[in-house]
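Fold and geometry: a report
The chain contents come next:
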Amino acid sequence: MKISVKVPATTANFGSGFDCLGMALPIYNVITIEETVLPGTGIEINIISETDDDDEFAIEHIPKDENNIIYKAVEMLYNSIGQSPSELKINIKSQIPIAKGLGSSASIIVGGLYAANELLNRPADEAALLSIATEVEGHPDNVTPAIVGGLVLTSLEDDGSIVYRKLPWPDEWQLTVCVPDYELATDISRSVLPKEVPLKDAAFNARRTAMFVEALYSKDAELMKLALQDKLHQSYRTKLVPGLQEIIDNLKHEENVIGCVLSGAGPSLLIISQKNNLDRIKSIVSDTWANFNVRTDIRTMKVEEKGAQVIESSFT
């Protein structure tokens, strides 16, 4: 049997919503898992990149065996019902840039879980898939929108369960994703974060996250400008993203720009704006990054309201 699953990219954090806010975007990975009939063939993992953003050297060094995160996710699902994966061929057709802050690893984890769940006749419900995906990924802000779609407020509870609620994104607020031509691994981006933060900074982010939710429902752009401010992660990561502060400073002068934040752990940026001044925004970003010898792919897109979807299910 062969199962193919399409999973969207995600952007996370939105400034103040560190590890709890995430949104699905219309860029996709397709993960196919096929049960092979020859005993002893083991696990075969193939990665096919369909984007020019990915470094071939980096792809070559992604594990193609049991050390790959997709296998770890699949193995956890099998183990949850007392089985072990044996002869499986896994193909990853990648359109989501790797190590760019757009949830590439989350999409692979979710795609593997969804495909394996179909192969096993769906023993896991949504709650179980969310818990397993989060355990593999480490935090729920990317895997949750990858599974359920849309903009999501999500929390990992002490018992390992995931609580989430979908939030409405105003249609009149544009999303522009800016992807630079270099990678930033999540573990490196997390390594610069402090293990403890001042109470005043934690309180600051709590206020901003509350503002974020209210700004969405009231479509209050001025409140959203405040809500996107952060003191828990972005300021620490700025040194890892050349030109980030300069881009933020230059965009402040554009009246229709609501804010500019790191997408996930970076280095991609997410710009939120009103009205149709997208050419101006793209020019500012590309020109600023050009001063740092950085090329960028800039795309304006809408929220992807659908999460992971099975797109092929067939007997081979």
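This write-up is about the structure you can find in this document. Starting afresh in each chain, residues are numbered from 1 along the sequence in its written order. Reporting of local features is limited, given that this is a predicted model, to residues whose pLDDT is at least 70; pairs of side-chain atoms are given and counted only at 80 or more, and all residues count toward the totals for whole chains, interfaces and linings. Hydrogens and water are ignored here; the side-chain numbers use all heavy atoms of the structure.

1. What to know about the pattern of salt bridges
- A side-chain nitrogen of Lys or Arg and a carboxyl oxygen of Asp or Glu constitute a salt bridge if their distance falls within 4 Å. Inspection of every chain in the model, using the stated rule, returns nine salt bridges.
- Residue Lys 2 is joined to Glu 312 by a salt bridge in which the shortest nitrogen-to-oxygen separation is 4.0 Å. Taken together, the residues Lys 2 in strand 1 (residues 2-12) and Glu 312 in strand 11 (residues 309-314) connect sequence positions 310 residues apart.
- The salt bridge involving Arg 295 is made with Asp 181; its shortest N-O contact spans 3.2 Å. Of this pair, Arg 295 sits in the loop between helix 11 (278-290) and strand 10 (296-301) while Asp 181 sits in the loop between strand 7 (173-180) and helix 6 (186-191), and the two are 114 residues apart along the sequence.
- Burial classification: accessible surface area is computed with a 1.4 Å probe over protein chains only, and a residue below 20% of its type maximum counts as buried, one above 50% as exposed, and the rest as partly exposed. Looking at Arg 295, the relative accessible area reads 65%, which means it is exposed.
- Here Asp 181 falls in the partly exposed class, since its relative accessible area comes to 35%. What counts as a helix is a DSSP run of H or I of at least four residues, what counts as a strand is a run of E of at least two, and both are numbered from the N terminus.

2. Description of helix 3 (residues 104-119)
- Along its 16 residues, helix 3 runs 23 Å from first to last C-alpha, staying within 8% of the 22 Å computed at 1.5 Å per residue.
- Judged by how many residues are buried, helix 3 sits mostly within the fold: 15 of 16 residues are covered.
- Positioned one or two residues after helix 3, Asn 121 has a phi angle of 65 degrees, which is positive. For a helix, the expected span equals 1.5 Å multiplied by the residue count minus one.

3. Observations concerning the layout of surface pockets
- Here a cavity denotes a set of grid points, spaced 1 Å apart and computed over the protein atoms alone, in which a 1.4 Å probe fits but from which it cannot get out, and a pocket denotes an open set meeting protein on both sides within 12 Å along at least five of seven lines; residues with an atom within 4 Å of a point are reported as lining. Grid points are joined across faces, edges and corners, and a volume is the space filled by probe spheres set on the points. Looking at the largest pocket, its volume works out to about 820 Å³.
- Along the walls of the largest pocket sit 38 residues, with Ile 98, Ala 99, Ser 105, Ala 185 and Thr 186 positioned nearest its centre.
- Elements supplying a minimum of two residues to the lining of the largest pocket: helix 3, helix 4 (126-137), helix 5 (140-148) and helix 6.
- Here the element with the most residues in the lining of the largest pocket is helix 3; it accounts for four residues.

4. Some points on empty space enclosed by the protein
- In this structure the tally under the stated criterion is one cavity of 30 Å³ or more.
- Around the largest cavity sit Asn 29, Ile 47, Ile 62, Ile 92, Ser 94, Ile 98, Ser 104 and Ile 108, which together line it.
- Secondary structure elements with two or more residues in the lining of the largest cavity: strand 4 (88-94) and helix 3.
- Any residue that is not Ala, Val, Leu, Ile, Met, Phe, Trp, Tyr, Cys, Pro, Asp, Glu, Lys or Arg is counted as polar, Gly included; the first ten are nonpolar and the last four charged. Grouping the constituent residues of the lining of the largest cavity by class yields five nonpolar, three polar and no charged.

5. Some details on the nonpolar core
- Counting 39 residues, the largest nonpolar core has Ile 33, Ile 90, Ile 92, Val 110, Leu 113 and Ile 147 as the members making the most contacts within it.
- Listing elements by their share of this core, those giving two or more residues are strand 1, strand 2 (21-35), strand 3 (43-49), helix 2 (69-80), strand 4, helix 3, helix 4 and helix 5.
- Tallying contributions element by element places helix 3 first for this core, with nine residues.
- The contact criterion used throughout is that any non-hydrogen atoms of two residues lie within 4.5 Å. Apart from the residues within four sequence positions on either side, Ile 147 is in contact with Val 110, Tyr 114, Glu 126, Leu 129, Leu 130, Ala 133, Gly 307 and Ala 308.
- The set of buried Ala, Val, Leu, Ile, Met, Phe, Trp, Tyr and Cys residues whose side-chain atoms join them within 4.5 Å is what this entry labels a nonpolar core. Membership of the second largest hydrophobic core comes to 30 residues, among which are Met 23, Ala 227, Val 261 and Ile 272.

6. Looking at the side chain of Ser 4
- Tracing the chain through its elements places Ser 4 in strand 1.
- Using a relative accessible area of 4% as the deciding quantity, one classes Ser 4 as buried.

7. Let's talk about the pairing of strand 7
- Within strand 7, seven of the eight residues are buried, which leaves it mostly tucked inside the rest of the structure.
- Where strand 7 lies against strand 10, six bridges are found, and the strand directions are antiparallel. If you follow Thr 176 over to strand 10, its bridge partner there is Thr 300. Being paired, for any two strands, means DSSP has found at least two bridges between them.

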